[in-house]
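Listed here are the chains, written in short residue letters.
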Amino acid sequence: MGFETKTIRIAMNGITGRMGYRQHLLRSILPIRDAGGFTLEDGTKVQVEPILVGRNEAKIRELAELHKVSEWSTDLDAVIADPTVDIVFDASMTSLRAATLKKAMRAGKHIFTEKPTAETLEEAIELAQIGKESGVTAGVVHDKLYLPGLVKLRRLVDEGFFGRILSIRGEFGYWVFEGDVQAAQRPSWNYRKEDGGGMTTDMFCHWNYVLEGIIGKVKSVNAKTATHIPARWDEAGKEYKATADDASYGIFELETPGGDDVIGQINSSWAVRVYRDELVEFQIDGTHGSAVAGLNKCVAQQRAHTPKPVWNPDLPVTESFRSQWQEVPANAELDNGFKLQWEEFLRDVVAGREHRFGLLSAARGVQLAELGLQSSAERRTIDIPEITL
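Positions within a chain are numbered from 1, following the residues in the order the chain's sequence is written. pLDDT decides what is reported in this predicted model: residues at 70 or higher carry local features, side-chain atom pairs at 80 or more are listed and counted, and totals for whole chains, interfaces and linings draw on all residues regardless. Side-chain figures throughout are based on the complete set of non-hydrogen atoms in the structure, without hydrogens or water.

### Here's the deal with the environment of Thr74
Logical step 1: In this description a helix means any DSSP run of H or I spanning at least four residues, a strand means any run of E spanning at least two, and both kinds are numbered starting from the N terminus. Examined against the element boundaries, Thr74 turns out to sit in the loop between strand S4 (71-73) and helix H3 (76-81).
Logical step 2: Spatially, the C-alpha atom of Thr74 lies 37 Å from that of Glu212, the residues being 138 residues apart in sequence.

### Quick look at the sheet that holds strand S16 (residues 298-302)
Logical step 1: What makes two strands pair is DSSP finding at least two bridges between them. In space, the nine strands of this open sheet follow the order S17-S16-S15-S14-S8-S13-S12-S9-S18, with mixed pairing throughout. Looking at the sheet topology across the chains shown, the edges are occupied by strand S17 (326-327) and strand S18 (382-383).
Logical step 2: Here strand S9 (residues 217-226) pairs with strand S12 (residues 247-255) via nine bridges, running antiparallel. Within the sheet, the bridge partner assigned to Ser220 lies in S12 and is Glu253.
Logical step 3: Note on contacts: a residue pair is in contact if any heavy atoms of the two residues lie within 4.5 Å. Angles run from 0 to 180 degrees between N-to-C directions of axes, and those axes are lines fitted to C-alpha atoms, restricted for helices to the stretch in contact. Its contacts with the sheet put helix H9 (residues 359-378) on S9, S12 and S18, and the angle it makes with S9 is roughly 50°.

### Details of the pattern of salt bridges
One side chain can pair with another of opposite charge once the charged atoms of both are near each other.
Logical step 1: Just to be clear on terms, a salt bridge is a Lys or Arg side-chain nitrogen sitting within 4 Å of an Asp or Glu carboxyl oxygen. Counted by the stated rule, this structure contains 29 salt bridges.
Logical step 2: Residue Lys102 is joined to Glu123 by a salt bridge in which the shortest nitrogen-to-oxygen separation is 3.1 Å. Residue Lys102 is found in helix H4 (residues 94-106), and its partner Glu123 is found in helix H5 (residues 121-134); the two are separated by 21 residues along the sequence.
Logical step 3: Accessibility here uses a 1.4 Å probe with only protein chains present; expressed as a share of the type maximum, an area under 20% marks a residue as buried, one over 50% as exposed, and anything in between as partly exposed. A relative accessible area of 13% means that Lys102 is categorised as buried.
Logical step 4: Under the relative-accessibility criterion, Glu123 is labelled partly exposed at 24%.
Logical step 5: Beyond isolated ion pairs, a larger network of salt bridges with shared partners links Arg9, Glu49, Glu71 and Asp82.

The structure is reproduced here in structure tokens:
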């Protein structure tokens, strides 16, 4: 007797964008499709069938032909209304996202979405309420928690490697070209506040789930935002004023599940040149040890192996501090983080259960971004109230 094969039809909106195309289509859904799907514990085979959705007909058609995707559309409303569509995925502009997610959930579709889910906390909470009332499975991309470096870092936390955790520090960013001489690596709307752009809006929703997923509850925020590059050039080569922040420097008060207070600091900038091993790195320091993790690599130093540096500005440093750290092994095959979360989400859809990273988690990310901007504007620390539905 053969096992059942279940095909899940996924409408992928905003797939011509960098993240939608590269991470979600090219590195997640197409590999799942081309591998023949994946098998559940009961032997059921799950296959995926993408439907490409976007506003640019020529680009959508070209991608569909290139990747042998049989269905594509420029009519998002019609796709949402299609009773054969199981999931609506959204990676479009932030300013358009909430409306798409509301329509999809009210039509009974499961949703999987990029962040932030909305431009305001009020709307993000409304989305979480609609998701709860509709009974659909809602998932929000929390890709960084699936990356090898942070998987290893979380494992060290779970094993008690750090003892009492004291602090976590993060450095993120790189130089995004202005667009006049060399083309910018990011779309121009990222730098226009009126289009939903801005470093704080974009990245604090990530930092919220990273801090929650690695350390614990985020209790307060004190942020300073900046627009370091006031003028940029868009995709057509036209100069425009950057109205959104391109850097955000945050200090956070955190609390572990055990009740310990931890200080968090994260610098985020699109106007910084990289002098570190990876584009994002996090360092946790604790009484028993420390560790530094990037997207892939994680190194650690135990208390017993910690050297005893002596401050002497009159002598050159002869120690190789980096060589004193030991690499943390993966001890497992760690696939692409986006693909891993897609598979977990699809399993939850088939099982009819909640996804562990849902719309309420996303609302907390929007809340942190909103309060971060408020903190910068008011030049003060702001406590973060708990969100309840």
